[in-house]
Amino acid sequence: MIIQVAVPFRVPKLFDYKIADADADRVVPGSLVQVPFGSRLTHAFVLGFSETSTISDTKLKSVEAVLNESPVFDEKMLEFLRWVSAYYCHPLGETIATAVPKDSWRVRKRKTRAITSDPTAGLRPAHSERFELTPEQKQVLDEMDRHGHEKPYLLFGVTGSGKTEVYMNAIERFLNTDQSAIVLAPEISLTPQLVGRFSDRFPGQTAVLHSHLSPAERQREWKRAASGEARIVVGARSAVFAPVKNLALIIVDEEQEASFKQEDSLRYNARDIAVVRAKICGARVVLGSATPSLESYTNAKNEKFHLLTLKKRVLDRPLPQCQFVDIKNNDQLVDSHTPWFSKPLFAKIQDTIQNGQQVLLYLNRLGYAHFLFCHDCGHTEQCRNCDISLTYYRTPPRLKCHYCGASQAPPQTCSQCSGTHIIPMGVGTEQVEQALKHFFPKARIARMDRSVIKNRKDLEEVLQRVADGRVDIVIGTQMIAKGHDFPGIALVGILLADASLNIPDFRANERTFQILTQVAGRAGRAGHAGEVLIQTLNPDHWVLRAAAEHRSEDFYREESHLRQMVGFPPATRLALLRFQHSNPGTVRRFVEETVATLAKLPGAKKCDIVGPAEAPLAKVKKLYRWQCLVKCSSAKELRALLIQIQQFVDRKKSPVQFAVDVDPVTLW
Ligand code: ADP
Ligand code: ZN
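First, a word on what this report is: a plain description of the structure on this page. (Residues numbered from 1 in each chain as written. Chains lettered and ligands numbered in written order. Predicted model: local features only at pLDDT ≥ 70, side-chain atom pairs only at ≥ 80, totals over all residues. Heavy atoms only, no water.)

### Observations regarding the packing of aromatic side chains
The description of two aromatic rings rests on the distance between their centres and on the angle between their planes. Scanning the model with the defined rule gives 24 aromatic pairs in all. Taken together, a centroid distance of 5.8 Å and an interplanar angle of 80° make the contact between Phe-346 and Phe-439 edge-to-face. In this pair, Phe-346 is assigned in helix H11 (residues 343-354) and Phe-439 in helix H12 (residues 429-439), connecting sequence segments 93 residues apart. Judged by relative accessible area, Phe-439 falls into the buried class, the value being 18%. Look at Phe-579 and Phe-658: their rings are 5.1 Å apart centre to centre, the planes differ by 55°, and that puts the pair in the tilted class. Placement of Phe-579 in strand S24 (residues 573-581) and of Phe-658 in strand S27 (residues 657-662) is noted, with a sequence separation of 79 residues between them. With relative accessibility at 1%, the residue Phe-579 sits in the buried group. Every member of this aromatic cluster is reached through a ring pair, and the members are Phe-156, Tyr-297, Phe-513, Trp-542, Phe-555 and Tyr-556. The ring of Tyr-393 has Lys-400 sitting right over it, with the charged end atom 4.3 Å from the ring centre. The side chain of Lys-631 reaches across the aromatic face of Phe-568, ending 4.0 Å from its centre. (Phe/Tyr/Trp six-rings, centres within 6.5 Å; stacked < 30°, edge-to-face > 60°. Helix = DSSP H or I, 4+ residues; strand = E, 2+ residues; numbered from the N terminus. Buried < 20%, exposed > 50% of the residue type's maximum accessible area, 1.4 Å probe, protein only. Lys NZ or Arg CZ within 6 Å of the ring centre and 35° of its normal.)

Structure below.
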């Protein structure tokens, strides 16, 4: 008997092996076997059986052992994984290995450490009560019942409109059957508060999957899902592959989030493939957001998705009032040394904390200063591994690279000219925290960014301190904007609203609109009307205006129009070819050869090939990076071209690392 298997590596083929009849009787598609591969043994996924092979009998190797008889995926899952593999031009074996990681099936040799913590136990959800649904919430649920799984749903609901309550009610619909649901949320939002809301409503039936579980915990949660004991899986991006039984519903909360996209190996977007998995399983899928991606919004406009809206906050709470402060105007500043701090913001912070309420300040820049600048020669210290200037931290004094993690002591004198006038340029959260301590000596200040919040425990600890009212001012990066519920925040200050408008990314406007709306949405969620102060150099910028005035329809209409004009998604389909190597000449020669080949392919005429060019981040971790954009109006034609170029690269066996990134999210 011969079986066909996929090995868990980046090889673009499936393989045949001989298997003894007795063993063949034990395995089914989805079983795991051990096979000789090259000079080693590896596990492999069984895909199918046949009597014959195109490989001659003498060359055919034999299965070494059966590792796992019971299948780690079923037929529908395999159909789904084949789709994912084809769409992202990624080998099936590595695609399966991503979906079914070793942790989930490996028989552990060492005695498993006793599991002390149940990830869902002991959570104290902030909202265990059950509400009377608002008329809007009811209407949305009715609409879903009417339309079932005929189309994906986009739930477009303003911040604080009660989307989570809608998700839980949608899940409840299935609870008395033996069906299951998957809830995907960005990793950072999977706090005890959020998970607790689900595990509290569905006790004993909720499994949690995120990247901070120990292997033993992950295996246990995986098994609970696979056995049907847990019918609701709440997790980050990879939970889209959770092995639930009878999938009836997938929810993707904050569907626009970049973290749903995996940025290495299999570069999938969990949001997009959730739609595919739901379709294959005949399940409903709900993408929810206060600020949907332009892609999903367009799908709703084109009636590929069914649009559901929640226009009001629950309990008739008003949306926050936003005001601009033009910080170009020096008279507005508290002090010339803090060009990021205006008098109106100062006064509002003072009032707010005097009233015993909390303030949230947002600045998406880490460290004390952006970089160190030599006033004598203009030099800035660069990372030795990456093409980027180093961020300056003051306590303790360090220069750090955010891409490779390299760090060094800040120089006393300029490394180029030995000048001594080295000045920090551009403000970061550390500097803001220090200045706040100076301006508000009695205030209790918490900082939330990834240089101080290193793990879930740190995050949960600070969120708890804020929730308990033990913090007056929170200063943070986008970490603060992501779904956390801060009921006591009365004032939100956005320190530099324009910071993200000029990044070299066609989504700069969209990202800015989303982050402003989300940060502003943290204000005034528990009764009192929230206030938002937006400091900016461009108080008339249309994106800032649309966000401040809650005119999302206007934003989406205008931005859709711009994407049409420049030919970027969703107006076109996009793929990014990525090349990197430690030798700049090697990568350059290879990229030029590859793109020249690409341009000559028959399908290339229908595509727009932009590049090749050095990546905006031309060097990371000592690797030189090049890229090439391919745009096409048809996803199918684009894929046909990508397959051919992948085959060309495979044949070349070049040492240059090559990756196809379909629907790229990060373009630098
Ligand atoms: P969103 O995810 O849309 O921002 P949430 O689901 O977090 O909103 O809901 C915001 C707040 O309103 C939460 O504290 C939630 O418990 C509460 N809430 C949700 N639905 C209702 C309702 N029908 N009545 C009263 N409060 C509600
Ligand atoms: Zn670096």
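### Concerning the coordination of the zinc ion (ligand 2)
In the first shell of the zinc ion (ligand 2), the protein supplies Cys-383 (SG), Cys-386 (SG), Cys-401 (SG) and Cys-404 (SG), at 2.3 Å from the metal. Here the zinc ion (ligand 2) is ringed by four donor atoms whose angles at the metal span 104 to 115°, and the overall shape comes out tetrahedral. Of the residues examined, Cys-383 reaches a relative accessible area of 6% and is grouped as buried. Given the relative accessible area of 2%, Cys-386 is considered buried. (Donors = N, O, S within 2.8 Å, 3.2 Å for Na, K, Ca; no water. Tetrahedral: all angles 85-135°; square planar, octahedral: opposite > 155°, others 65-115°.)

### Quick look at the sheet that holds strand S7 (residues 180-184)
Sheet architecture is open: seven strands sit in the order S8-S9-S7-S10-S11-S6-S12, paired in parallel fashion. In this open sheet, the two strands that pair with only one neighbour each are strand S8 (206-209) and strand S12 (306-310). Strand after strand, the sheet turns through a mean of 20° between neighbouring axes, direction not considered. Across four bridges, the pairing between strand S6 (residues 153-157) and strand S11 (residues 284-289) is parallel. By the bridge assignment for S11, Tyr-153 is matched with Val-286. Against the sheet, helix H10 (residues 294-301) touches S6, S11 and S12, its axis set at about 115° to S6. (Pairing = 2+ DSSP bridges. Axes fitted to C-alpha atoms, helices over the stretch in contact; angles between N-to-C directions. Contact = heavy atoms within 4.5 Å.)

### Concerning the environment of Gln-354
On the secondary structure map, Gln-354 appears in helix H11. In sequence terms Gln-354 and Ala-443 are 89 residues apart; their C-alpha atoms lie 9.7 Å from each other.

### Comments concerning helix H2 (residues 75-87)
Relative to the 18 Å expected for 13 residues at 1.5 Å per residue, H2 spans 18 Å between its end C-alpha atoms, a close match to the ideal helical length. Within the sequence span of H2, burial applies to Met-77, Leu-78, Phe-80, Leu-81, Val-84, Ser-85 and Tyr-87. Structurally, H2 contributes buried residues whose contacts are with strand S4 (40-50), helix H3 (92-99), helix H9 (270-281), S24, helix H18 (635-652) and S27. With a side-chain oxygen positioned 3.3 Å from the backbone nitrogen of Lys-76, the residue opening H2 is Asp-74. (Expected span 1.5 Å × (residues − 1). Polar contact = N/O pair within 3.5 Å; in protein donor to acceptor, adjacent residues only side chain to side chain.)

### A short note on the sheet that holds S24
In spatial order, the strands read S25-S26-S24-S27; together these four strands make up an open sheet with antiparallel pairing. In the strand order of this sheet, the two ends are held by strand S25 (607-620) and S27, each with one partner. On average, each strand axis in the sheet is inclined to that of its neighbour by 20°, with strand direction left out of account. Bridge count for S24 against strand S26 (residues 623-632) is nine bridges, and the pairing is antiparallel. In the strand pairing of S26, His-581 is matched with Tyr-624. Lying over the sheet, helix H17 (residues 584-600) contacts S24, S25 and S26, oriented at roughly 150° with respect to S24. Here H18 sits on the sheet and contacts S24, S25, S26 and S27; the angle it forms with S24, its principal contact strand, is near 15°.

### Here's the deal with the pairing of strand S9 (residues 232-235)
Because side chains alternate across S9, one face comprises the buried residues Ile-232 and Val-234, and the other comprises Val-233 and Gly-235, equally buried. Pairing geometry for S7 and S9, over four bridges, is parallel. Its bridge partner being in S9, Val-183 is matched across the sheet by Val-234. In this sheet, S9 lies alongside S8 in parallel orientation, the contact comprising four bridges. Residue pairing for S9: Ala-207 is matched across the bridge by Val-233. Once the chain exits S8 it traverses helix H8 (residues 215-227) before rejoining the sheet at S9, and the crossover so formed is right-handed. (Right-handed = clockwise from strand over helix to strand, strands pointing away.)

### A look at the environment of Val-432
Here Val-432 shows up in helix H12. Put simply, Val-432 and Thr-338 are 94 residues apart on the chain and 8.7 Å apart in space, counted from C-alpha to C-alpha.

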